Amino acid sequence: MNCFLSLVIASTVIAVLGAVSGVLGFDISCNSNVAVYWGQNSAASGSLPYQKPLGAYCDDDNVDVILLSFLYILQGKGGYPVLNFANICDYTKNASVPVFPGTELMHCADMGVDIKHCQSKGKVVLLSIGGATAQLNADAATFSKQVWDLFMEGSSDFRPFDDAVLDGVDLDIEQSSQLDLVEFANNMNQLYKTGSKKYYISAAPQCPYPDANLGTLLTQAQIDMAFIQFYNSGWCDNSKYGLPLWPESMNYYMWENAWRNSSFANPSMKLYVGATAGQNAGNPSSYVSPSFFANELQGLQSNYTDSFGGAMLWDMSWAYDSTPNYAANAKQALMAGSKCGGSA
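Draft legend 1. Here's a closer look at the side chain of Asp167. You can see Asp167 is positioned in the loop between helix H3 (140-151) and strand E5 (168-172). Given a relative accessible area of 7%, Asp167 falls into the buried group. A distance of 3.0 Å separates a polar atom in the side chain of Asp167 from a polar atom in the side chain of Gln119. Here Val125 takes part through its backbone nitrogen, which lies 2.8 Å from a polar atom of the side chain of Asp167. Dropping the residues within four chain positions of it, Asp167 is found in contact with Gln119, Lys123, Val124, Val125, Leu126, Lys197, Lys198, Tyr199 and Tyr200.

Now the structure itself:
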């Protein structure tokens, strides 16, 4: 049996098992979704427990989208990308972690098992490309095909997660890029059409509108979700929500206005409010208490039902080391006004 057919069968089995067990699965049309970045173990810098393996979070219904962070070097040794998941599957700190010959691409078999488990629970698992220290040095045509072959329904001898098939990619681009982002996204969307299931592309722009690095991408390529970072940006932080002097160009309303005026290539793109899930997960002045964030989410959700998609959190380690659990707090707040369908 060839590799491609095996992957298709594996993906189908996961979908069937989910349906049989009653798992409803991710619904992008809902305004109550919670997306969380996993992989960078940022709570360790706050003297909190290290992040757990991915599988430890799969059974929690408070999270709908998991963003694996990061694929941070697009073209490394041997022409293959490089992954970094901090204390999980890191060959630079653990010599037992295998690396594919002639590359620095790690073989994270345990993560592959966890990815399939999370998907069986109805979660969408995306690979986040970029991050603050990314090396964005790749040709769009070559890189898009490589991503498809390594992580989705393509074929390669070097598959970091074995037969696990991810649900798409996220672009967290925080600097100027040599990669043509529009061409990359367009290529991925074309490859998605050849697959056997639904795939997604998301982006994580900074909150001042328009974003310097992702603005063109959002207006020229079909992006499904925008995980807007309302933190580390001064007046654009969540902590300024509700203040009478919150500048219009630095809050959710400007993004909503652009959405309403069809400024984005995908008129149904969902907008998520991103927050730091702990006091030191970003700039401490950006952090807001769980009760403050719950109030903000409910206010935006009730006012902007069509564009609003839910909450994005940085990151899993902080969210689950917080009391109360920051992801559970966000989900509970959003479910009170949850609606699905809309314009998506």
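There is more to say, and it comes next.
Draft legend 2. The pairing of strand E2 (residues 65-73), seen in detail. Across the 9 residues that make up E2, a large majority, 8, are buried. Examined bridge by bridge, strand E1 (residues 33-38) and E2 share 4 bridges and lie parallel to one another. Bridging from a neighbouring strand, Trp38 pairs with Leu68 of E2. The pairing of E2 with strand E3 (residues 82-83) spans 2 bridges and is classified as antiparallel. Looking at the pairing, Leu71 lines up with Leu83 of E3.

Draft legend 3. Summary view of helix H2 (residues 109-120). Taking 1.5 Å of rise per residue, 12 residues should cover 16 Å, and H2 covers 17 Å from first to last C-alpha, within 8% of that figure. Of all the residues in H2, the buried ones are Met111, Gly112, Asp114, Ile115, Cys118 and Gln119. Considered in projection along H2, the buried side chains sweep an arc of 165° and stay on one side of the axis. In H2, the exposed residues that point more than 90 degrees away from the buried face are Asp110 and Val113. Just beyond H2, the residue with positive phi is Gly122, at close to 90°.

Draft legend 4. Layout of the packing of aromatic side chains. Under the criterion given, the structure shown has 24 aromatic pairs. Aromatic pair Tyr37 and Phe70: ring centres 6.5 Å apart, planes at 45°, arrangement tilted. Of the two residues, Tyr37 is situated in strand E1 and Phe70 in strand E2; the sequence distance between them amounts to 33 residues. The two residues Tyr37 and Phe70 agree in class, both being buried. Through a chain of ring-to-ring contacts, three or more aromatic side chains come together here, namely Trp38, Phe85, Phe151 and Phe161. The positively charged end of Lys240 is found above the aromatic ring belonging to Trp235, 5.9 Å away from the centroid.

Draft legend 5. Spotlight on the pattern of salt bridges. The full count for this structure, using the stated rule, is 8 salt bridges. In this structure, Lys93 engages Asp90 in a salt bridge whose closest nitrogen and oxygen atoms are separated by 3.3 Å. What makes Lys93 exposed here is its relative accessible area of 71%. Classification of Asp90 as buried rests on a relative accessible area of 8%. Lys145 is paired through a salt bridge with Asp149; the nearest N and O atoms lie 2.8 Å apart. Taken as a pair, Lys145 and Asp149 lie in helix H3 at a separation of 4 residues, close to a single helical turn. The partly exposed category is assigned to Lys145, whose relative accessible area is 41%. Since its relative accessible area comes to 13%, Asp149 is described here as buried. The structure contains a network of salt bridges with shared partners spanning Glu256, Arg260 and Asp306.

Draft legend 6. Representation of the state of the cysteines within the structure. Using the criterion set out here, one finds 4 disulfides in the structure. Between the sulfur atoms of Cys58 and its disulfide partner Cys118 the distance amounts to 1.9 Å. Every disulfide takes its handedness from the sign of the S-S torsion; for Cys58 and Cys118 that torsion is -75°, giving left-handed. Taken together, the positions of Cys58 in the loop between E1 and E2 and Cys118 in helix H2 put the pair 60 residues apart, joining distant regions of the chain. There is a disulfide in this structure between Cys89 and Cys108, and the S-S distance comes to 2.0 Å.

Parameters and conventions
Residues numbered from 1 in each chain as written. Predicted model: local features only at pLDDT ≥ 70, side-chain atom pairs only at ≥ 80, totals over all residues. Heavy atoms only, no water. Helix = DSSP H or I, 4+ residues; strand = E, 2+ residues; numbered from the N terminus. Buried < 20%, exposed > 50% of the residue type's maximum accessible area, 1.4 Å probe, protein only. Polar contact = N/O pair within 3.5 Å; in protein donor to acceptor, adjacent residues only side chain to side chain. Contact = heavy atoms within 4.5 Å. Pairing = 2+ DSSP bridges. Expected span 1.5 Å × (residues − 1). Arc of directions from axis to C-beta. Phe/Tyr/Trp six-rings, centres within 6.5 Å; stacked < 30°, edge-to-face > 60°. Lys NZ or Arg CZ within 6 Å of the ring centre and 35° of its normal. Salt bridge = Lys/Arg side-chain N within 4 Å of Asp/Glu carboxyl O. Disulfide = S-S within 2.5 Å.

All we've got here are geometric facts, nothing functional implied.
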